[in-house]
Amino acid sequence: MSRSFSLALLLALAPLAVVSQTLRVGIAEDIETLDPTFARTFAERIVFNALCDKLFDIDDKVNIVPQLATGYEWSADGKALTLKLRQGVTFQDGEKFDAAAVKFNLDRHRTTPGSNRRGELAPVASVDVVDPYTVRLNLSAPSSPVLAQLTDRAGMMVSPKAALAAGDKFGSRPVCAGPFKFVERVAQDRVVLERYPQYWNKDAIHFDRVIYRPIPDATVRLANLRSGQLDFIERVASSDMEKLRSDKKLKTSHTTEIGYQGITINLGRGDQASKNPLGRDPRVREAFELSLDRRGLVQVVMDGEAQVGNQWVAPGNPYYAQNMPVPGRDLARAKALLKEAGVPNPSFTLLTTNTSEQQRLAEVVQAMAREAGFDVKIQVAEMATSRQMEDRGAYDAYVEAWSGRADPDGNLFSFYGCKQPLNYAGYCSPETEALLNQSRAVRDTAERKKVYERIAARVLKDRAILYLYHRNWLWAYDARLAGVRNGPDGLLHVAGLKLAR
């Protein structure tokens, strides 16, 4: 065979060669852990969406849809939830996914010390294996939110074999049942995943690798997208959206989140709570809220890319408590309350992560509160560090971004239950606790809303959390990237994504 003929043959065959494709995603913060039992940040949820399948998922209308489970049935008394499981699924170590694996995972979420899923699955008293592909959750009392909890980390399934072998190190070497398996994580730099060939829905996966790069500065994230170093970025700066919409090389999308942006106040967590003027006196907290102009915050911080709110769900949500509408700004009343409390110029520190948006919010809050007499100092920390400080109670107030859950209970119960894992404020009220449990036992929307109105009347006056607004999830990506789903959970779904190189 001549050299020229060989070259011609190679060129002819070249289009048939499989070109390895990598999806490069810019995220707004680094992760803490990739163990679903302990994870708690939004960036981790983005990575999990490619790494760890769940029993159920939600669609773009927040409807619950099958994933690793194919169906469910409630018992007549509402105290048992039976799940039918997908067959032919394996974990990324080749181990079989079945009812025994589901029981292991749910028990691990419920009983492992320090689990952040414990509150979400608190109604589950036990889990039974009915047959190899049927599992039953036995509840201590009827609980309408349980199914929705299984659409997020409480429903994520990890390999029992790998979890037992790794112990408390599992989060640094996770093994799940998702489309991509873990390769490496370099703190503050990247998380690398590669395609799992035996994935049950492999025909929907069109990338060989996904690389997530934490870049807290929104301007730097965008610069990396424009230079071709990234294919997709989340949490675009709202000030950049207008120009991006006219950029033919890029596409944008936005949708209002099911979570909220707010400020958590330390009422009783750690030694610092007793020194915190906000935590010591409810009048000071009320004055702080009255010093804030929510509409002004949305315009200045978010360039209008958010919806004003004052609760754990947005005003248009069916469960929004109409009896507690959004309060307006009232500087005169704020100053009068501070004078009444004997602290006309209270000083506290507002902790925030190092993301551009949250730092901007902290600065505008600082300026607004100053007009009422507050001396607000800002402390900036990397995400993992700030969360550790929040855990210890080493803060006065914390800029809190919660990405939200399909059922409102996921935005509420774990934050206000006396011994719940996400109760960073140290809030505890037996009356509120009773109402929280009552809200979980009711399945009728109208009746649940009545209970939420009673909860709102209590917690919005106690002000452990000041809810400010509900952001638009703002994305930008290479115009050649097709199949992007724009859902209110704010998560990038890798199934169906394609990139024309």
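Note that the coordinates shown come from a computational prediction; the quantities given were computed from them, not determined experimentally.

Draft legend 1. Examining the packing of helix H9 (residues 282–290) against helix H11 (residues 331–341) more closely. Relative to each other, H9 and H11 sit at 160°, their axes nearing to 8 Å. Taken together, the axes of H9 and H11 are roughly antiparallel relative to one another. Like other packed secondary-structure pairs, H9 and H11 cross with a definite hand, here left-handed. Mapping the contact onto sequence places Arg283, Val284, Glu286, Ala287 and Leu290 in H9 and Leu331, Arg333, Ala334, Leu337, Leu338, Glu340 and Ala341 in H11.

Draft legend 2. Representation of the packing of helix H15 (residues 430–441) against helix H16 (residues 445–462) in the model. Running from amino to carboxyl end, H15 crosses H16 at an angle of 160°, the nearest separation of the two axes being 9 Å. Relative to H16, the element H15 lies roughly antiparallel. Remark: the crossing between H15 and H16 carries left-handed chirality. On H16, the residues that touch Glu431, Thr432, Leu435, Leu436, Gln438 and Ser439 of H15 are Arg448, Val451, Tyr452, Arg454, Ile455, Arg458 and Val459.

Draft legend 3. Structural context of the state of the cysteines. Applying the stated criterion to the full structure yields two disulfides. The residue that forms a disulfide with Cys418 is Cys428, at a sulfur-sulfur distance of 2.1 Å. Between Cys418 and Cys428 the disulfide shows an S-S torsion of about 90°. By sign, it is right-handed. Linking Cys418 in the loop between helix H14 (413–416) and H15 with Cys428 in the loop between H14 and H15, this pair joins segments that are 10 residues apart in sequence. Ordinal numbering of bonded cysteines along the protein defines a disulfide pattern of 1-2, 3-4.

Draft legend 4. Expanded view of the side chain of Asp35. Note on placement: Asp35 falls in the loop between strand S1 (22–27) and helix H2 (42–51). When neighbours within four sequence positions are excluded, Asp35 is seen to be in contact with Phe48, Arg108, Phe170 and Gly171.

Draft legend 5. Representation of the packing of aromatic side chains in the model. Counting across every chain of the model gives 16 aromatic pairs. Both rings, one in Phe91 and one in Phe97, keep their centres 6.0 Å apart while their planes meet at 75°; by these two values the pair is edge-to-face. Pair check on accessibility: Phe91 and Phe97 agree, each one buried. With 6.3 Å between their ring centres and 70° between their planes, Tyr395 and Tyr398 make a pair best called edge-to-face. The class for Tyr395 is buried, based on a relative accessible area of 2%.

What counts and what doesn't
- Residues numbered from 1 in each chain as written.
- Predicted model: local features only at pLDDT ≥ 70, side-chain atom pairs only at ≥ 80, totals over all residues.
- Heavy atoms only, no water.
- Axes fitted to C-alpha atoms, helices over the stretch in contact; angles between N-to-C directions.
- Helix = DSSP H or I, 4+ residues; strand = E, 2+ residues; numbered from the N terminus.
- Parallel < 35°, antiparallel > 145°, perpendicular 65-115°, else oblique.
- Left-handed = near helix turned anticlockwise from the far one by under 90°.
- Contact = heavy atoms within 4.5 Å.
- Disulfide = S-S within 2.5 Å.
- Phe/Tyr/Trp six-rings, centres within 6.5 Å; stacked < 30°, edge-to-face > 60°.
- Buried < 20%, exposed > 50% of the residue type's maximum accessible area, 1.4 Å probe, protein only.

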